Amino acid sequence: MNSIIHPSAKDGFSQNAVLYQQARPNYPQAIVEWLKQDLALTADSRIADLGAGTGKFIPYLQQVSSHLTAIEPIEEMLQQLQHRFPEVKTKQADSQNLSFPNEYFDAIICAQSFHWFADHASLDEIYHVLKPQGSLGLIWNQRDTEIDWVAAIANLIAPFEGDTPRYHKGNWQQALDTHTQFQLIGKSQFQFEHIGTVEHVVIQRILSTSFIATASAIDKAMLRHELEKIINTYLDLQLDEEIAFPYITHAYHYQKI
């Protein structure tokens, strides 16, 4: 099952599932209305959270429906989710082998995950398990690099990306553009801030990034030093002081044709 999982995800997330859960930002509350209004999801909707990770998006789906199934291939991530949400149905599976009946789900939501499995085999599988005109919701939190100090952080970590799939690289878009079974219905953006100490929402958040989590101890120490330097230079803040990290949430609504 792990053969299709990118090494950055498999190694980075399996080794750092606890850090991922603790350091990653949540989502803007407006995303709940987006699910209800744009995707027309109701309390009766059967929804899959595909690539659910540690369950960061589960609380938002629970505000829409209780008919949830969290699907995650990496055992360590799924264990975190199961501990936090014992009431939610879970399945350890990858995106090409969902093994649900045809036309089973009203919607499949991929929050911060679709770029990892954006290929035609996965889209074919998603197509089969979605009901006619079912929704595929793709959601990403992205750092707002229009802000100077956020851009400096992005430039610092960019050399470590390698071939790691990322939202900003656009490969996920190419997969959908060349797949004939889904159409884009609409897209929305929401701004929000991840508020906490510099240590938590900057240092630990960056260290939880898949391709950073697998870096050497020397590289991580260097990154920590440079991150502290950026925050101190631009904002004159120390590790234990509060910071508001700006994000933009990108939400895409695709529909099964």
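Residues numbered from 1 in each chain as written. Predicted model: local features only at pLDDT ≥ 70, side-chain atom pairs only at ≥ 80, totals over all residues. Heavy atoms only, no water.

Visitor: Would you mind going over the packing of helix 9 (residues 198–207) against helix 11 (residues 217–235) in detail, with residue names and values included?
Guide: Axis angle and axis distance: for two packed helices, these are the angle between their axes and the distance between the axes, and together they describe the pair. Contact geometry of helix 9 with helix 11 gives a least axis separation of 10 Å together with a crossing angle of 140 degrees. With respect to their mutual orientation, helix 9 and helix 11 come out oblique. Crossing of helix 9 over helix 11 shows right-handed handedness. For the pair formed by helix 9 and helix 11, the contact residues are Val198, Glu199, Val202, Ile203, Gln204, Ile206 and Leu207 on the first element and Lys220, Arg224, Leu227, Glu228 and Ile231 on the second. Here the contact of helix 9 with helix 11 is composed, by residue class, of seven nonpolar, one polar and four charged. (Axes fitted to C-alpha atoms, helices over the stretch in contact; angles between N-to-C directions. Helix = DSSP H or I, 4+ residues; strand = E, 2+ residues; numbered from the N terminus. Parallel < 35°, antiparallel > 145°, perpendicular 65-115°, else oblique. Left-handed = near helix turned anticlockwise from the far one by under 90°. Contact = heavy atoms within 4.5 Å. Nonpolar A, V, L, I, M, F, W, Y, C, P; charged D, E, K, R; others polar.)

Visitor: Give a description of the packing of aromatic side chains that names residues and reports values.
Guide: Pairs of aromatic rings are described using the distance from one ring centre to the other and the angle between the two planes. Summed over all chains, the structure comprises 17 aromatic pairs. When the centroid spacing of 5.2 Å and the interplanar angle of 35 degrees are considered together, the rings of Phe245 and Tyr247 count as tilted. Tyr247 shares its class with Phe245; the two are buried. By way of ring pairs, the aromatic residues Trp140, Tyr167, Trp172 and Tyr252 are connected into one cluster. (Phe/Tyr/Trp six-rings, centres within 6.5 Å; stacked < 30°, edge-to-face > 60°. Buried < 20%, exposed > 50% of the residue type's maximum accessible area, 1.4 Å probe, protein only.)

Visitor: Outline the confidence of the model for the protein, listing residues and values.
Guide: With 91% of its residues at a pLDDT of at least 70, the protein reaches an overall mean of 92. Long-range and interchain partners of residues 8–12, a stretch whose pLDDT sits below 50, account for 16 contacts in this model, where long-range means more than four residues apart. (pLDDT = per-residue confidence, 0-100.)

Visitor: With reference to specific residues and values, describe the pairing of strand 1 (residues 47–50).
Guide: Side chains of strand 1 alternate between two faces, with Ile47 and Asp49 and Ala48 and Leu50 buried alike. Two strands pair when backbone bridges link them, and strand 1 and strand 2 (residues 68–71) are joined in this way by four bridges, in the parallel orientation. The partner of Leu50 across the bridge, within strand 2, is Ile71. The pairing of strand 1 with strand 4 (residues 105–111) spans three bridges and is classified as parallel. Following the sheet pairing, Ala48 is matched in strand 4 by Ile108. (Pairing = 2+ DSSP bridges.)

Visitor: Could you give an account of the pattern of salt bridges, with specific residues and numbers?
Guide: Under the defined criterion, the tally for this structure stands at five salt bridges. Its salt-bridge partner being Asp106, residue Lys131 comes within 3.2 Å of it at the nearest N-O pair. With a gap of 25 residues between them, Lys131 in strand 5 (residues 130–143) and Asp106 in strand 4 connect regions that are remote in the sequence. A salt bridge links Lys169 to Glu161, with the nearest nitrogen and oxygen atoms 3.9 Å apart. The class for Glu161 is buried, based on a relative accessible area of 10%. If you follow the salt bridges from partner to partner, you end up with Glu161, Arg166 and Lys169 in one network. (Salt bridge = Lys/Arg side-chain N within 4 Å of Asp/Glu carboxyl O.)

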